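Examining the three-dimensional arrangement
As a plain string of letters, each chain reads:
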Amino acid sequence: MAHKKRIKELIPQPKSRFLRVKCLHCGNQQVIFGCAAQDVNCEVCGKIILQSTGGKARILTKIIEVLT
Ligand SMILES: [Zn+2]
């Protein structure tokens, strides 16, 4: 499943921006890409904070700020 990486020609949504998020488990804040193509884990506790669902990313934690 993970061996196939599909690159899309067009970005379907204009939501490709960076988000500052706070981990609900350890309180760590970090900046993530809102349209990441793969899961993003908390740098401190390893909890998944962004889940890639194949095109649209799902934020699983608290968004502090949207960086433009
Ligand atoms: Zn954490």
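Computed from a predicted model, the values in this text were never measured in an experiment.

Quick notes on the coordination of the zinc ion
- Donor atoms from the polypeptide that bind the zinc ion are Cys23 (SG), Cys26 (SG), Cys42 (SG) and Cys45 (SG), placed at 2.3 Å.
- Because the angles between the 4 donor atoms bound to the zinc ion fall within 104 to 118°, the donor set is best described as tetrahedral.
- All donor residues of the zinc ion come from one chain, and their arrangement in sequence is C-x2-C-x15-C-x2-C.
- In this structure Cys42 comes out as buried when scored by relative accessible area, which is 4%.

Comments concerning the sheet that holds strand E4 (residues 48-52)
- The 3 strands lie next to each other as E3-E4-E5, forming an open sheet whose pairing is antiparallel. Both outer strands of the open sheet, strand E3 (40-41) and strand E5 (57-59), are each paired with one neighbouring strand and no more.
- Sheet analysis places E3 next to E4, joined by 2 bridges and oriented antiparallel. Pairing of Val40 across the sheet is with Leu50, part of E4.

As for the confidence of the model for the chain
- Residue-level pLDDT values for the chain average 84, and 76% of them are 70 or greater.
- Ranking the helices and strands of the chain by mean pLDDT puts E3 first, with 96, and E5 last, with 90.

What about the nonpolar core?
- Counting residues in each nonpolar core, the largest one holds 10 residues, listed as Leu19, Val21, Cys23, Ile32, Ala36, Val40, Cys42, Ile49, Leu50 and Ala57.
- Looking at this core, the elements with two or more residues in it are strand E1 (18-22) and E4.
- What Val40 contacts, discounting residues up to four positions off in sequence, is Gln30, Ile32, Lys47, Ile48, Ile49 and Leu50.

Cut-offs applied
Residues numbered from 1 in each chain as written. Predicted model: local features only at pLDDT ≥ 70, side-chain atom pairs only at ≥ 80, totals over all residues. Heavy atoms only, no water. Donors = N, O, S within 2.8 Å, 3.2 Å for Na, K, Ca; no water. Tetrahedral: all angles 85-135°; square planar, octahedral: opposite > 155°, others 65-115°. Buried < 20%, exposed > 50% of the residue type's maximum accessible area, 1.4 Å probe, protein only. Pairing = 2+ DSSP bridges. Helix = DSSP H or I, 4+ residues; strand = E, 2+ residues; numbered from the N terminus. pLDDT = per-residue confidence, 0-100. Core = buried A, V, L, I, M, F, W, Y, C linked by side-chain atoms within 4.5 Å. Contact = heavy atoms within 4.5 Å.

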